[in-house]
Amino acid sequence: MPVLLDDEGAEGDWPVDRVRARLAHPGTTAAQRTLIWSEVVGRVRELGGPWPLVAVGMTIPVLRRMLRRQQLPRRLERADLEQTALAAVATALPLLAEDHPEPHRALFNAADRDVHRLINTARKQEQRERPVAVSPDGPAPAGNDAEEGTAADWGEERDEYAVLAEAVQSGVLKAQEAQLIALTRLEKKSVKEIAKQRGLAWRSLYRHRVAAEAHLAAHLRRQVSEV
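As the structure is a computational prediction, the values presented were derived from the model and not from experiment.

Here we look at the packing of helix α5 (residues 78-92) against helix α10 (residues 202-226)
Following both chains from N to C, one finds α5 and α10 inclined at 45°, their axes separated by 9 Å at the closest point. It follows from the interaxial angle that α5 and α10 lie oblique. Once α5 is placed against α10, the crossing between them reads as right-handed. The residues of α10 that touch α5, namely those facing Ala-79, Asp-80, Gln-83, Ala-87 and Thr-91, are Tyr-206, Arg-209, Val-210, Glu-213, Ala-214, Ala-217 and Arg-221. A per-class count over the contact of α5 with α10 returns six nonpolar, two polar and four charged.

Okay, here's the thing in structure tokens:
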């Protein structure tokens, strides 16, 4: 990395793993981190190739520290948080402005937003599944606030399924990709369990979902920009 060529008498570009270790080192200043990330994001923009994957990989140490602080709802797996965070970074990366003053902060903020959205959704799901106390007079009549809220929730889920169906019809997603997103994101089923059922490696299935969600996110952004 050119921004570190004069550090410790180093000559030539540093290997990526050494740069990532440097980013995680407590002695690295905020200014050095910004310079390194600006260089990495510049290479993503100019060179493409493996650099988007390299950039996402370089966020992993910080993302892991961020995620360790999160209190998880009962049905949410930590691996779900990790993959959500990585998908958010991968989606935000190509959207960074060329002159962004702190590109790494923008990436971590995107991951933080999506992770908290996932946690909040899981907590709401748990609340909906809690047993409802029934009074001696029997169930509440139709049309009460609780039932109306449930209906609204179901309508919300139908909208999300409709989005996935439209993405399949448009050729953005394959049917299996849409099914994977629906099962794991909407129905909260474990990716590991689905991978076992399908005879696949669960890490491979996670990567497949990340790529599918990135395609879906790009498709939705295009739809919004055309409105």
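Here we look at a positive patch on the surface
Residues Arg-20, Arg-64, Arg-65, Arg-68, Arg-69, Lys-192, Arg-203 and Arg-207 make up a contiguous surface patch of positive charge. Looking at the positive patch, the elements with two or more residues in it are α4 (60-68) and α10. The leading source of residues in the positive patch is α4, at three residues. By the secondary structure assignment, Arg-68 is in helix α4.

Quick notes on the side chain of Thr-34
Turning to its location among the elements, Thr-34 is positioned in helix α2 (residues 30-47). Residues contacting Thr-34, with those up to four places away along its chain left out, are Pro-101, Glu-102 and His-104.

Focus: the pattern of salt bridges
Counting across every chain of the model gives six salt bridges. Residue Glu-102 is joined to Arg-105 by a salt bridge in which the shortest nitrogen-to-oxygen separation is 3.2 Å. The class for Glu-102 is partly exposed, based on a relative accessible area of 31%.

Some details on the confidence of the model for the protein chain
Considering every residue of the protein chain, the mean pLDDT works out to 76; 79% of them sit at 70 or more. Predicted confidence is poor over residues 1-7, with pLDDT under 50, and the contacts of this stretch with residues over four places away or in other chains come to 23 contacts. This stretch, residues 132-158, has a pLDDT under 50; its non-local contacts, to residues over four places away or in other chains, come to eight contacts.

Quick notes on the rules
Sequence order sets the numbering: in each chain, residues are counted from 1 along the sequence as written. Per-residue local features of the predicted model are confined to residues with pLDDT of at least 70, and side-chain atom pairs are confined, for both listing and counting, to 80 or more; whole-chain, interface and lining totals are unaffected and use all residues. In computing side-chain values, all of the structure's heavy atoms are included and hydrogens and water are not. The axes used here are C-alpha line fits, helices contributing only the stretch in contact, and every angle between their N-to-C directions lies in the interval 0 to 180 degrees. Only DSSP runs of H or I reaching four residues or more are called helices, and only runs of E reaching two or more are called strands; each is numbered from the N terminus. Working rule for angles: under 35 degrees goes down as roughly parallel, over 145 as roughly antiparallel, 65 to 115 as roughly perpendicular, anything else as oblique. Crossing handedness: left-handed means the near helix sits turned counterclockwise from the far one by under a right angle, and right-handed means the same turn made clockwise. Should any heavy atoms of two residues lie within 4.5 Å, those residues are counted as being in contact. Charged means Asp, Glu, Lys or Arg here, nonpolar means Ala, Val, Leu, Ile, Met, Phe, Trp, Tyr, Cys or Pro, and polar covers whatever is left, Gly included. To count toward a patch, a residue needs a relative accessible area over 30% and no salt bridge; like charges are then connected within 9 Å, while nonpolar side chains (Val, Leu, Ile, Met, Phe, Trp, Tyr) are connected within 5 Å. Only the protein chains shown count as cover for residues, and the accessible areas themselves come from Shrake-Rupley with a 1.4 Å probe. Here, a salt bridge means any side-chain nitrogen of Lys or Arg that lies within 4 Å of a carboxyl oxygen of Asp or Glu. The charge count includes Lys and Arg as positive and Asp and Glu as negative, but it does not include His or the ends of the chains. Each charge is placed at NZ for Lys, CZ for Arg, CG for Asp and CD for Glu. Classification of residues uses two cut-offs on accessible area relative to the type maximum, computed with a 1.4 Å probe and protein chains only: under 20% is buried, over 50% is exposed, and between them is partly exposed. pLDDT is a per-residue confidence score from the predictor, ranging from 0 to 100.

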